[in-house]
Amino acid sequence: MAFHVKTKNMPADSTNYWWLSDKHGDTVVAHHEKLHRWVREMADLCKPETIYWCDGSEAEKERLRGKALSTGEFIELNQSKLPGCLLHRTAENDVARTEHLTFVCTSAKEDAGPTNNWMAPDEAYARAREIFAGSMKGRTMYVIPFSMGPVGSPFSKIGVQLTDSIYVVENMRIMTRMGSKVLDYLGTKGEFTKCLHSKADLDLNRRLILHFPEDNTIWSVGSGYGGNVLLGKKCLALRMASYQARQEGWMAEHMLIMGVEEPNGRIEYLAAAFPSACGKTNLAMLVPPQGLRQKGYRIWTVGDDIAWMRIDTDGRLWGINPEIGMFGVAPGTNSKTNPNAMAAIKRNTIYTNVALKPDGTVWWEAGEEQPPFEAIDWRGRNWKPEMKDEEGNTMPAAHPNSRFTTPLSQIPSISFRLEQHHGVPISAVIFGGRRAHLAPLVYQAFSWQHGVYVGATIASEITPAQYGNQGQLRRDPMAMLPFCGYNLADYLAHWLRMGARMLQPPKVFHVNWFRQDSDGRYLWPGYGENLRVLEWILARSRGEAEAVATPIGHIPLKSSLDLTGLEISDEDMRTLLEIDRSAWLDDVADQRRFFEQFGDRLPREIYTEMEALEFRLKHF
Ligand code: GTP
Ligand code: SPV
Ligand code: MN
């Protein structure tokens with residue numbers, strides 16, 4: 001066990017050593033020179049009053065929370081109804097990821113590719129340095145050693161985040177394995193990602209989220225919102241990790257992982273990539289609808305946002321969830337749509353930008369009950385259900401991207417395999433998006449190569465998880481458009497290479513839970529009912545269920561889906577499974593425009609698949 005002699009007002013250079021007791025209980029001095037030199041350099045830049053090394057203990061958690069409650073950074077919720085729960089409100093201009101301020105800083109611009117913002121490393125460091133300079137004056141710099149994946153696993157990655165936000169520390173405590181055990185593992189020489197964060201003045205014009213994959217470094221300044229500042233998550237576990245994964249021959253993906261236990265007791269695992277706020281958290285912990293529950297189905301949640309996958313000695317793809325918490329979308333979550341999440345978030349949860357009810361509990365749109373008579377909204381203002389903004393729109397009480405941070409261990413459906421470093425074997429990979437039109441409920445790719453093309457052509461409506469034109473359709477390959485730490489063309493080539501290396505690649509599917517009619521009504525009930533589609537997907541992966549070949553892939557017959565107990569009209573089912581050839585040809589034209597930006601770097605196989613689809617649409 002390690003303890004750290006780091007307390008208030010010690011000068012930065014006294015962080016140089018910490019004390020560890022060795023196996024025999026003797027006290028020894030450990031010195032990770034690189035780590036300490038870096039902490040000192042960053043402290044020289046940011047000028048905190050104090051440096052505090054997080055040990056990950058319960059006592060530390062209580063102490064930091066107490067401090068944040070006293071400054072208003074956290075608001076205490078009703079502790080008898082929501083024990084261990086806190087509320088945090090971000091700045092009004094800081095409620096989602098800011099993709100336009102997020103950069104991949106490789107030495108060559110082409111290595112970032114046309115879909116990432118790019119800045120030369122020297123310029124990026126220089127611009128950020130100006131904002132970081134003195135940004136922590138009068139504040140504490142917290143040092144958070146964390147592990148993505150079980151501590152000590154060969155498939156895990158270590159990071160050390162410096163931050164001046166207790167909100168960040170407390171979220172990292174839930175989302176990652178953090179504290180002394182990680183320092184112990186790092187020893188005197190361990191590799192780690194250098195993660196620097198400061199809220200600075202939360203000014204949108206002085207906000208930058210910078211990735212330096214060549215230096216294994218992340219700098220984020222000027223924000224206090226989740227994906228911008230919990231640097232283990234999107235920054236490390238996706239952008240940096242995807243860069244490393246390509247070099248090291250594995251995959252870092254924006255995917256949930258879930259186990260589906262079938263009536264015979266066999267558990268098969270699925271990995272699914274949907275863009276932000278398109279249903280990963282909900283699918284990963286779904287509760288089987290009555291009809292299927294009676295058959296004996298049961299779900300095991302492994303992960304809800306990030307999957308790291310590698311090929312094991314059996315030639316199959318195995319995946320782990322590097323996180324141990326979920327940072328989930330609140331609106332739409334209730335005991336009908338997601339009972340497992342509702343059970344999980346009743347304790348030890350940090351709520352961000354939800355509404356506060358007079359009894360000290362929380363509320364959000366499409367939540368547990370009808371709108372409360374009055375509440376304090378996400379901005380901290382008095383709110384009533386009928387309130388309208390200047391343009392006459394109803395004002396939500398909770399921000400549409402309000403979230404909860406909760407330990408995965410609290411989810412009733414949590415998988416018993418979460419802590420196993422080798423992870424779970426993946427039988428099927430599912431892609432999906434939020435598409436009001438075109439994409440049918442489900443289809444299966446003809447091959448791995450066709451599947452890579454299907455993933456590359458995901459299109460989805462922009463959601464409140466990011467700034468941008470809400471609802472606008474954009475192409476988002478593998479749901480990684482905002483998260484791929486290198487050229488997306490090289491990323492697609494990596495996917496093709498991985499397929500060639502596998503003896504039994506997962507079968508590939510595409511789903512769309514968000515098909516609408518002309519009145520904007522969802523045709524498919526979604527949520528738990530999605531298991532009906534997963535059942536078909538798993539049977540197809542084993543080569544069992546019926547399907548019809550169409551130009552875009554194999555689709556189920558209505559009769560090959562178990563719809564027991566579901567009220568859905570024949571007409572809606574027909575629409576959900578229809579293929580509109582001329583609309584698909586228009587989509588191919590849009591795909592071509594998207595792909596052209598990658599020039600010769602895009603793998604030829606992607607064009608081959610696109611042209612084959614075009615041919616099938618015209619001639620079959
Ligand atoms: P990130 O955390 O941003 O990566 O998102 P996510 O993919 O985990 O999305 P999440 O499951 O949190 O869902 C986002 C929103 O979509 C929530 O408001 C959900 O209630 C809603 N949603 C999820 N699944 C379904 C579904 O099957 N049908 C419909 N209509 N809505 C859904
Ligand atoms: C997403 O936007 O895809 C999220 C939330 O999962 S955040 O961590 O903020 O990126
Ligand atoms: Mn996500």
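Residue numbers here run from 1 along each chain, matching the order of that chain's written sequence. Each chain is given a letter, starting from A, and each ligand a number, starting from 1, according to the order in which they appear as written. This being a predicted model, a pLDDT of at least 70 is required before a residue's local features are given, and a value of 80 or more before pairs of side-chain atoms are given or counted; all residues contribute to the totals for chains, interfaces and linings. Excluded from the side-chain calculations are hydrogens and water; all other atoms, namely the structure's heavy atoms, are used.

The next subject is the site of ligand 1. Residues are classed as near a molecule or strand on a simple rule: at least one heavy atom within 4 Å of it. Contacts to ligand 1 come from 22 residues, most closely from Ala 277, Lys 280, Thr 281, Asn 282 and Tyr 527. In the analysis that follows, any N or O atom pair within 3.5 Å is treated as a polar contact, provided that within protein one partner can donate a hydrogen and the other can accept it, and provided that, for residues neighboring in sequence, both atoms belong to side chains. In the environment of ligand 1, an oxygen atom lies 2.7 Å from a nitrogen or oxygen atom belonging to the side chain of Thr 281. A distance of 3.1 Å separates an oxygen atom of ligand 1 from a polar atom in the side chain of Arg 434. To be clear on the numbers: accessible area is Shrake-Rupley with a 1.4 Å probe, and residue cover counts the displayed protein chains and nothing else. In the complex, the protein chains occlude 93% of the 670 Å² of accessible area that ligand 1 would expose alone.

Of all residues adjacent to ligand 2, which total 13 residues, the nearest are Arg 97, Tyr 225, Gly 227, Lys 234 and Ser 276. In this structure, Gly 227 approaches ligand 2 through a main-chain N or O atom, which is 2.8 Å from an oxygen atom. When residues of the shell around ligand 2 are traced back to their parent elements, those giving at least two are α7 (226-229) and α8 (232-248). In this text, helices come from DSSP runs of H or I with a minimum length of four residues, and strands from runs of E with a minimum of two, each type numbered from the N-terminal end.

What follows deals with the nonpolar core. Note on terminology: a nonpolar core comprises buried Ala, Val, Leu, Ile, Met, Phe, Trp, Tyr and Cys residues joined through side-chain atoms within 4.5 Å. Categorising residues by exposure relies on relative accessible area from a 1.4 Å probe, with only protein chains included: less than 20% of the type maximum marks a residue as buried, more than 50% marks it as exposed, and the intermediate range marks it as partly exposed. Counting 130 residues, the largest nonpolar core has Trp 308, Trp 495, Trp 524, Leu 534 and Ile 537 as the members making the most contacts within it. Top contributing element to this core by residue count: α8, with eight residues. Beyond its immediate stretch of four places on either side in the chain, Leu 534 contacts Met 258, Val 260, Leu 270, Leu 283, Leu 286 and Ile 430. Judged by nonpolar contacts, the second largest core, of 34 residues, contains Cys 46, Ala 128, Met 141 and Leu 196. Contacts: residue pairs with any heavy atoms within 4.5 Å of one another.

Under the convention used throughout, the expected extent of a helix is 1.5 Å for every residue step, that is, one less than its residue count. The terminal C-alpha atoms of helix α4 (residues 121-132) lie 16 Å apart, and with twelve residues this matches the ideal 16 Å at 1.5 Å per residue to within 8%. Regarding α4, the residues found buried are Pro 121, Ala 124, Tyr 125, Ala 128, Ile 131 and Phe 132. Looking straight down α4, one finds its buried side chains confined to an arc of 125°; they lie on one side. Away from its buried face, by an angle of more than 90 degrees, α4 presents the exposed residues Asp 122 and Glu 130. Following α4 by one or two positions, Gly 134 has its phi on the positive side, about 70°. The arc in question is the one traced by the directions running from the helix axis out to the C-beta atoms.

Octahedral metals with six donors have ideal donor angles of 90 or 180 degrees. Tetrahedral metals with four donors have an ideal donor angle of 109.5 degrees. Around the manganese ion (ligand 3), the protein supplies Lys 234 (NZ), His 254 (NE2) and Asp 305 (OD) as donor atoms, at distances of 2.2 to 2.3 Å. Given six donor atoms and angles of 70 to 172° at the metal, the environment of the manganese ion (ligand 3) is assigned as irregular. We call an atom a donor if it is N, O or S and sits within 2.8 Å of the metal, or 3.2 Å for Na, K and Ca. Water is not counted, so some sites may look partial. Counting gaps between the donor residues of the manganese ion (ligand 3) yields the pattern K-x19-H-x50-D. Taken together, the residues His 254 in the loop between β15 (251-253) and β16 (255-261) and Asp 305 in the loop between β18 (298-303) and β19 (307-311) connect sequence positions 51 residues apart. In this structure Asp 305 comes out as buried when scored by relative accessible area, which is 8%. Think of it this way: with four donors and all angles in the 85 to 135 degree range, the site is tetrahedral; with four or six donors, opposite ones beyond 155 degrees and the rest between 65 and 115, it is square planar or octahedral; otherwise it is irregular.

Turning our attention to the sheet that holds strand β5 (residues 75-76). Strands were regarded as paired on the criterion that DSSP finds at least two bridges between them. As summarised here, the arrangement of the five strands in space is β5-β6-β22-β27-β21, forming an open sheet in which the pairing is mixed. Because the sheet does not close on itself, it has two edges, and the strands there are β5 and β21 (325-329). Examined bridge by bridge, strand β22 (residues 350-352) and strand β27 (residues 403-407) share three bridges and lie antiparallel to one another. Bridge pairing links Tyr 351 to Phe 404 in β27.

Glancing now at the packing of aromatic side chains. Put simply, two rings from Phe, Tyr or Trp (the six-membered ring, in Trp's case) pair if the centres are within 6.5 Å, and we call them stacked under 30 degrees between planes, edge-to-face over 60, tilted for the rest. Within this structure, the stated rule accounts for 24 aromatic pairs. Ring centres of Phe 274 and Trp 513 lie 6.5 Å apart, and the angle between their planes is 85°; this geometry places the pair in the edge-to-face category. With a gap of 239 residues between them, Phe 274 in the loop between β17 (267-273) and α9 (280-284) and Trp 513 in the loop between β32 (507-511) and α14 (531-541) connect regions that are remote in the sequence. On the basis of relative accessible area, Phe 274 is assigned to the buried category, the value being 2%. The buried category is assigned to Trp 513, whose relative accessible area is 8%. Grouping aromatic residues by their ring pairs yields a cluster made of Phe 431, Trp 448, Tyr 486, Tyr 491 and Trp 495. Here the guanidinium or amino end of Arg 310 rests over the ring plane of Phe 155, the centre of that ring lying 3.8 Å away. For the cation-ring pair, Arg 434 lies above Phe 514, with the distance from its terminal atom to the ring centre recorded as 4.1 Å. Comment: the charge-over-ring label is applied if NZ (Lys) or CZ (Arg) is within 6 Å of the ring centre and within 35 degrees of the ring normal.

The next thing to look at is the side chain of Thr 337. Locating Thr 337 in the fold gives a position in the loop between β21 and α11 (339-344). Judged by its relative accessible area of 16%, Thr 337 is buried. The residues contacting Thr 337, other than those within four sequence positions of it, are Asn 282, Gly 332 and Tyr 527.

With that settled, the discussion passes to the packing of helix α2 (residues 58-71) against helix α5 (residues 166-175). For helices, the fitted axis covers only the stretch in contact; all axes are lines through C-alpha atoms, and the angles between them, taken along N-to-C directions, range from 0 to 180 degrees. Packing of α2 against α5 leaves a shortest axis separation of 10 Å and a crossing angle of 145°. Of the two possible hands of crossing, α2 and α5 adopt the one that is left-handed. Facing Glu 60, Lys 61, Leu 64, Arg 65, Lys 67 and Ala 68 of α2, the residues of α5 in contact are Ile 166, Val 169, Glu 170, Arg 173 and Ile 174. Three classes are used: nonpolar for Ala, Val, Leu, Ile, Met, Phe, Trp, Tyr, Cys and Pro, charged for Asp, Glu, Lys and Arg, and polar for all others, with Gly counted as polar. Taken together, the residues of the contact of α2 with α5 break down into five nonpolar, no polar and six charged. In this scheme the crossing of two helices becomes right-handed for a clockwise turn of the near helix relative to the far one and left-handed for an anticlockwise turn of less than a right angle.

Another point: unusual backbone geometry. Its identity as a non-glycine residue notwithstanding, Leu 202 has a phi of 55°, on the positive side. Along the chain, the position of Leu 202 falls in the loop between β12 (193-198) and β13 (208-212). In this model, Asn 348 sits at a positive phi of 50°, which is unusual for a non-glycine residue. Along the chain, Asn 348 turns up in the loop between α11 and β22. For Asn 348, a relative accessible area of 27% puts it in the partly exposed group.

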